Amino acid sequence: AQKITQTQPGMFVQEKEAVTLDCTYDTSDPSYGLFWYKQPSSGEMIFLIYQGSYDQQNATEGRYSLNFQKARKSANLVISASQLGDSAMYFCAMREDYQAGTALIFGKGTTLSVSS
Amino acid sequence: EAGVTQFPSHSVIEKGQTVTLRCDPISGHDNLYWYRRVMGKEIKFLLHFVKESKQDESGMPNNRFLAERTGGTYSTLKVQPAELEDSGVYFCASSQFSAGHPYEQYFGPGTRLTVT
């Protein structure tokens, strides 16, 4: 069965430090996509980064990078140089058959708190 | 370009009443999704429209939930009659194929439904 696991309910980091948010997934489909979304206290879901199962290189978007380890089925989000505005809940999600418009499966989320 | 919008942002109703949530996707997006997050749990998929057709409604919890998408534009999700366990945040998302970010889903701000 498809599943996303985020084992860290909460993470704390100081400004300017890097932080890694863990995500493991389970699927039998060789074709899938992995996503990270940020949900600040205002409630909207903001897309951060995407990794396709066939992508050879780890995805990067500005200060966000995805540490994709296919054999371990992990897709950890790395935020470099944390900022106060990074404080939010972060969701890892997966979609099977990544070329199709199928639904996302989400993890429970990790709350990140950035302090000055 | 306007993002996904949802109305209302918050609704408080009594058990047994009816509530209708509305979602306006990004213009031109054929795919529209409804998700729900119950307090402390994962965001769960409810259903997926492609244009005006229901592509996948496997996540709909029961027949008290009715979703429609008129003319392939906006969508409504009606809960009738509402029960206490229906409380949560209902998210709408839309997507369209684009190279590099296949079917990336853009989320609305959510409707927080409270059933008392």
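Going by the structure above, here's the rest.
The structure displayed is predicted, hence computed values, not measured ones.

Asks: Kindly report on the overall build of chain B, identifying the contributing residues and their values.
Replies: Per the secondary structure count, chain B includes 0 helices and 11 strands. Secondary structure elements in chain B, listed N-terminal to C-terminal, are β-β-β-β-β-β-β-β-β-β-β. Compactness check: chain B gives a C-alpha radius of gyration of 14 Å against a globular reference of 13 Å for 116 residues, within 12% of the reference. Overall size of chain B, expressed as C-alpha extent along the three principal axes, is 45 × 25 × 25 Å.

Asks: Outline the interface of chain A and chain B, listing residues and values.
Replies: Taken together, the contacts link 21 residues of chain A with 19 residues of chain B. Here chain A meets chain B over a buried area of about 1,700 Å², counting both sides, of which 60% is carbon and sulfur. Contact with chain B buries area across many residues of chain A, yet Met45, Gly101 and Phe106 of chain A alone supply 27% of it, more than any other trio. At the boundary of chain A with chain B, the tally comes to 0 salt bridges. Applying the counting rule to chain A against chain B returns 3 residue pairs in polar contact (both at pLDDT 80 or more). At the level of elements, strand 5 (32-39), strand 6 (46-52) and strand 10 (88-96) of chain A are the ones that each hand at least two residues to the side of chain A that touches chain B. When residues in the side of chain A that touches chain B are grouped by element, the largest group, 3 residues, is from strand 10 of chain A. Here the side of chain A that touches chain B is composed, by residue class, of 11 nonpolar, 6 polar and 4 charged.

Asks: Before we move on, could you go through the pairing of strand 12 (residues 110-115) of chain A and cite the residues and values that matter?
Replies: All names here are of chain A. Residues of strand 12 alternate between two faces, with Thr110, Leu112 and Val114 buried on one and Thr111, Ser113 and Ser115 left unburied on the opposite face. Looking at chain direction, strand 10 and strand 12 are connected through 3 bridges and run antiparallel. Its bridge partner lying in strand 12, Tyr90 is registered against Thr110.

Asks: Hey, could you go over the environment of Gly16 of chain B for me, with residue numbers and the actual values?
Replies: Residue and element names in this part refer to chain B. Its location among the elements puts Gly16 in the loop between strand 2 (10-13) and strand 3 (19-24). The class of Gly16 is partly exposed, set by a relative accessible area of 45%. Contact partners of Gly16, with chain neighbours within four places excluded, come to Pro81 and Ala82.

Asks: Any chance you could break down the side chain of Thr27 of chain A for me, citing the residues and the numbers?
Replies: Residues and elements named next belong to chain A. Its location among the elements puts Thr27 in the loop between strand 4 (24-26) and strand 5. A polar contact is formed between the side chain of Thr27 and the backbone nitrogen of Asp29, at a distance of 3.1 Å. Ignoring sequence-local partners within four residues, the contact set of Thr27 consists of Tyr32, Lys73, Met94 and Glu96.

Asks: Tell me what's going on with a positive patch on the surface, and back it up with residues and numbers.
Replies: A surface patch of positive charge is lined by Lys3 and Lys108 of chain A together with Lys41 and Lys44 of chain B. Mapped onto the elements, Lys41 of chain B comes out in the loop between strand 4 (31-37) and strand 5 (43-50).

Asks: Describe the packing of aromatic side chains, listing the residues and the values that go with them.
Replies: Applying the stated criterion across every chain, the model contains 15 aromatic pairs over all chains. Ring geometry for Phe106 of chain A against Tyr35 of chain B: centres 5.6 Å apart, planes inclined by 90 degrees, an arrangement best described as edge-to-face. Of the two residues, Phe106 of chain A sits in strand 11 (residues 105-106) while Tyr35 of chain B sits in strand 4, which places them in two different chains. Considered together, Phe106 of chain A and Tyr35 of chain B belong to a single accessibility category, that of buried residues. Ring pairing ties together the aromatic residues Phe35, Tyr37, Phe47, Tyr50, Phe91 and Phe106 of chain A together with Tyr33, Tyr35, Phe45, Phe91 and Phe107 of chain B, which thus form one cluster.

Asks: An account of unusual backbone geometry is needed here, citing residue identities and associated values.
Replies: Residue Pro8 of chain B follows Phe7 of chain B across a cis peptide bond; omega there is -5 degrees. Here Pro8 of chain B lies in the loop between strand 1 (5-7) and strand 2. Phi is positive for Lys73 of chain A, close to 55 degrees, though the residue is something other than glycine. Relative to the helices and strands, Lys73 of chain A is located in the loop between strand 8 (64-69) and strand 9 (74-79).

Asks: So what about the state of the cysteines? Which residues, and what values?
Replies: All names here are of chain A. Applying the stated criterion across every chain yields a total of 2 disulfides over all chains. At a sulfur-sulfur separation of 2.0 Å, the disulfide partner of Cys23 is Cys92. Its S-S torsion of about -65 degrees marks the bond between Cys23 and Cys92 as left-handed, since a negative value means left-handed. Of this pair, Cys23 sits in the loop between strand 3 (19-21) and strand 4 while Cys92 sits in strand 10; the two residues are 69 residues apart in sequence, bridging distant segments of the chain.

What counts and how
- Each chain has its residues counted from 1, running along the sequence as written.
- Lettering for chains starts from A, numbering for ligands starts from 1, and both go in the order in which the items are written.
- Only residues with pLDDT of 70 or above have their local features reported here, since the model is predicted, and side-chain atom pairs are shown and tallied only from 80 upward, although totals for entire chains, interfaces and linings are computed over all residues.
- Working from all heavy atoms in the structure, the side-chain values ignore hydrogens and water.
- Numbering of helices and strands runs from the N terminus; a helix is a DSSP stretch of H or I covering at least four residues, while a strand is a stretch of E covering at least two.
- Atoms considered for the radius of gyration are the C-alpha atoms alone. The globule rule reads 2.2 Å times the number of residues to the power 0.38.
- Note on contacts: a residue pair is in contact if any heavy atoms of the two residues lie within 4.5 Å.
- Buried area is calculated as the accessible area (1.4 Å probe) missing from two parts once they are joined, with the contributions of both summed.
- Within this document, salt bridges are pairs made up of a side-chain nitrogen of Lys or Arg and a carboxyl oxygen of Asp or Glu, the two lying within 4 Å of each other.
- Any pair of nitrogen or oxygen atoms within 3.5 Å is treated as a polar contact; in protein, a donor-acceptor pairing is required on top of that, and neighbouring residues in sequence qualify only through side-chain atoms on both sides.
- In this count, Pro and Cys sit with the nonpolar residues alongside Ala, Val, Leu, Ile, Met, Phe, Trp and Tyr, while Asp, Glu, Lys and Arg are called charged and the others, Gly among them, polar.
- Only protein chains enter the calculation, and the probe is 1.4 Å; a residue is then buried if its accessible area is under 20% of its type maximum, exposed if over 50%, and partly exposed in between.
- At least two bridges found by DSSP between two strands is the condition for calling them paired.
- Patches were defined on residues exceeding 30% relative accessible area and lacking a salt bridge, with like-charge contacts within 9 Å and nonpolar side-chain contacts (Val, Leu, Ile, Met, Phe, Trp, Tyr) within 5 Å.
- Here the accessible surface of atoms and residues is derived via Shrake-Rupley with a 1.4 Å probe, and residues count as covered only by protein chains that are part of the display.
- Here Asp and Glu are counted as negative and Lys and Arg as positive; His is not counted, and neither are the chain ends.
- Charge coordinates come from a single atom per side chain, which is NZ of Lys, CZ of Arg, CG of Asp or CD of Glu.
- Only Phe, Tyr and Trp rings are paired, with Trp represented by its six-membered ring, and only when their centres lie within 6.5 Å; those with planes under 30 degrees apart are stacked, over 60 edge-to-face, the remainder tilted.
- Two cysteine sulfurs form what is called a disulfide whenever their separation falls within 2.5 Å.

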